[in-house]
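Here is how the chains run, residue by residue.
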Amino acid sequence: MDVKSRYSLNFPTAIRFGAGVIDELAYYLKAQGLAHPLLVTDPLVRELDFFKLIVKALKQAGISVEVFSEMHKNPVKSDVLKGKDFYGTTGRDSIVGIGGGVPLDVARAIALSINHHRDLFDYDDLIGGDQYVTEPIPHLVTVPTTSGTGSEVGRSAIIAEDDTKKKRILFAPSLMAKMVFADPVLTMDLPPFVTAATGMDALTHNLEAFLAKNFQPLCSGIAMEGMKLISESIVQATHKSDLESRAKMLMASMMGAVAFQKGLGVVHSLAHPLSSLLDTHHGLANAVNLPFGMRYNFAGFEEQFDQMAYMMGLGPKAGSRFVDYLFDLNQELNLPIRLSDIGVEDGHIETLADLAYADFCHPNNPKPVTRDDFRKLYLEAL
C-alpha cells in the first residue's frame, strides 16, 4: 500500500482513501450543492485539534457548520431524537458523521429519522422494520477516526433502548453513506488502548464473518485479506504508530464491516451484553471474549482455523495454535484477558447469559450456542 497516494474506491460505496483526503471534504460538499451540514461526533472528538481544523476549513470555504455531540458511550434512542431536533432547528441540509462507531451510528440513525416519523424502533430490522424505510435520506458523508467498527461503509446503526439498554438494529440500503473520506492521518493520534481495542473489534469482524454459516464467498475472501492486514499492522499501530500501519488498519476495518454482511457469531453475542449491562467499550468486550469464542468454535471447523492461522502468519496447518495466538495478541497489546479484569463479577453471569442468548448475532455462528453454553463461556472467561 502506497501511503503517500490517494485512492478512489467504489465498493461498497464511493470512498476516498489516503493520507490527506479530509482536505477534500469542503470541495465535495460544495460540488454537491450542500452548504449547511450537521457534523455529528462524540464529545471527545469534538475537542480534538483535527476536528477543530475540519470545522475551520469548512467555514473558510463558506460552509455553515453546526456540531451535534450529545451522545452516550453506547448510544441510545434519546441521543438520536436530540440530534433530529437539532438538525431541524438549525436548518441543515446534510449530515457528516465524524469519529468511531458511536457517532457514525448516531449520524446514520439521525439521517433515518429526518424524513421518517414513526417511532424510531419501528424501523428495527429484526422485526421487519426496513419495509418502512421509504423516504429520501439526507445526504450522508462519513469520516472514520478509528479502525474498528467500519461503520463508515455500513448500512445499519445499532442504537439501544434508553431504559432496558436492549440493542436495536436500524437497517436499510439507503442508509449507506454517499461518500466516505477514509484518512489514516486522522487515526494517528489515537492512544494505544483505543488503537488496540478498536483494532481487535476489526479483527473480530473479519474472523467471525469468515466463520459465519451463511453462504457468501465474496465476504469470506474479503475477511481473509482483512485478517492479513491486521496481523501485519495492529501491534505496530498500537506501540510504534506509523502511517503505513494506520492505513492498513483503517482498510482492514472497512473490509471487516463489508465482510460481516455474511454474519457474525458467538463473540459478538458475548460482547454486546457487556456494553449494555456494564457500559464496556465494545472493542474491549470483543477482545476479551474473542479467544474463548474461537475456542468454542474450533472443533469441527479445523480447516477454517488452519486458513485463518495461515492468513495471520502462523504458517500452514497451524489452526490448533490459533486460540493461543489470540490470547498472546491481547497480552502483547496490553489488553486484559479475563472478564474479571473489566469489572465482571459472579453476580453478573446469569443476566449476561440471558442477554447473550437473546442477542441477534449468534444464530449465524457456525455451530449452535445455547443459553447454558453462554453461561459456561462467561464463567470460563471470568
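Higher on the page you've got the structure.
Every chain is numbered on its own, with residues counted from 1 as its sequence reads. Given that the model is predicted, a residue must reach a pLDDT of at least 70 before its local features are reported, and side-chain atom pairs must reach 80 or more before they are shown or counted; all residues, however, enter totals for whole chains, interfaces and linings. Excluded from the side-chain calculations are hydrogens and water; all other atoms, namely the structure's heavy atoms, are used.

### A look at the sheet that holds strand β1 (residues 6–10)
1) Next: The pairing criterion is simple: DSSP has to find at least two bridges between the two strands. Numbering of helices and strands starts at the N terminus; helices are DSSP runs of H or I of at least 4 residues and strands are runs of E of at least 2. Read from one edge of the open sheet, seven strands run β1-β2-β9-β6-β5-β3-β4, paired in mixed fashion. The open sheet has two edge strands, β1 and β4 (66–68), and neither has a second partner. Geometrically, the sheet is characterised by an average inter-axis angle of 20° between neighbouring strands, direction not taken into account.
2) Next: Here six bridges tie strand β5 (residues 94–99) to strand β6 (residues 139–144), and the two strands are oriented parallel to one another. Between N-to-C directions, angles span 0 to 180 degrees; the directions come from axes that are lines fitted to C-alpha atoms, helices contributing only their stretch in contact.

### Topic: the packing of aromatic side chains
1) Next: Between 30 and 60 degrees the pair is tilted, below 30 it is stacked and above 60 it is edge-to-face, where a pair is any two Phe, Tyr or Trp rings, Trp via its six-membered ring, whose centres lie within 6.5 Å. The final tally for this structure, using the stated rule, is six aromatic pairs.
2) Next: Arranged with centres 5.2 Å apart and planes meeting at 90°, the rings of F298 and F305 form a pair that is edge-to-face.
3) Next: Look at F305 and you get buried, because its relative accessible area is 0%.
4) Next: On the basis of an interplanar angle of 25° and a centroid distance of 6.0 Å, the ring pair of F322 and Y325 is categorised as stacked. Here F322 pairs with Y325, and both are found in helix α12 (residues 322–332), just three residues apart, close to one helical turn. Per-residue accessibility, obtained with a 1.4 Å probe over protein chains only, is compared with the maximum for each type, and a residue is labelled buried under 20%, exposed over 50%, and partly exposed between these values.

### Considering the packing of helix α7 (residues 217–239) against α12
1) Next: Viewed as axis vectors pointing N to C, α7 and α12 meet at an angle of 20°, and their least axial separation amounts to 11 Å. Overall, the two elements α7 and α12 adopt an arrangement that is roughly parallel. Of the residues in α12, those in contact with S231, I234, V235 and H239 of α7 are Y325, L329 and E332.
2) Next: Residues that form the contact of α7 with α12 fall into these classes: four nonpolar, two polar and one charged. Here the word oblique covers every angle except those under 35 degrees (roughly parallel), over 145 (roughly antiparallel) and from 65 to 115 (roughly perpendicular). Only heavy atoms enter the contact rule, under which two residues are in contact if any of them lie within 4.5 Å. Lys, Arg, Asp and Glu make up the charged group, whereas Ala, Val, Leu, Ile, Met, Phe, Trp, Tyr, Cys and Pro make up the nonpolar group; the residues left over, Gly among them, are polar.

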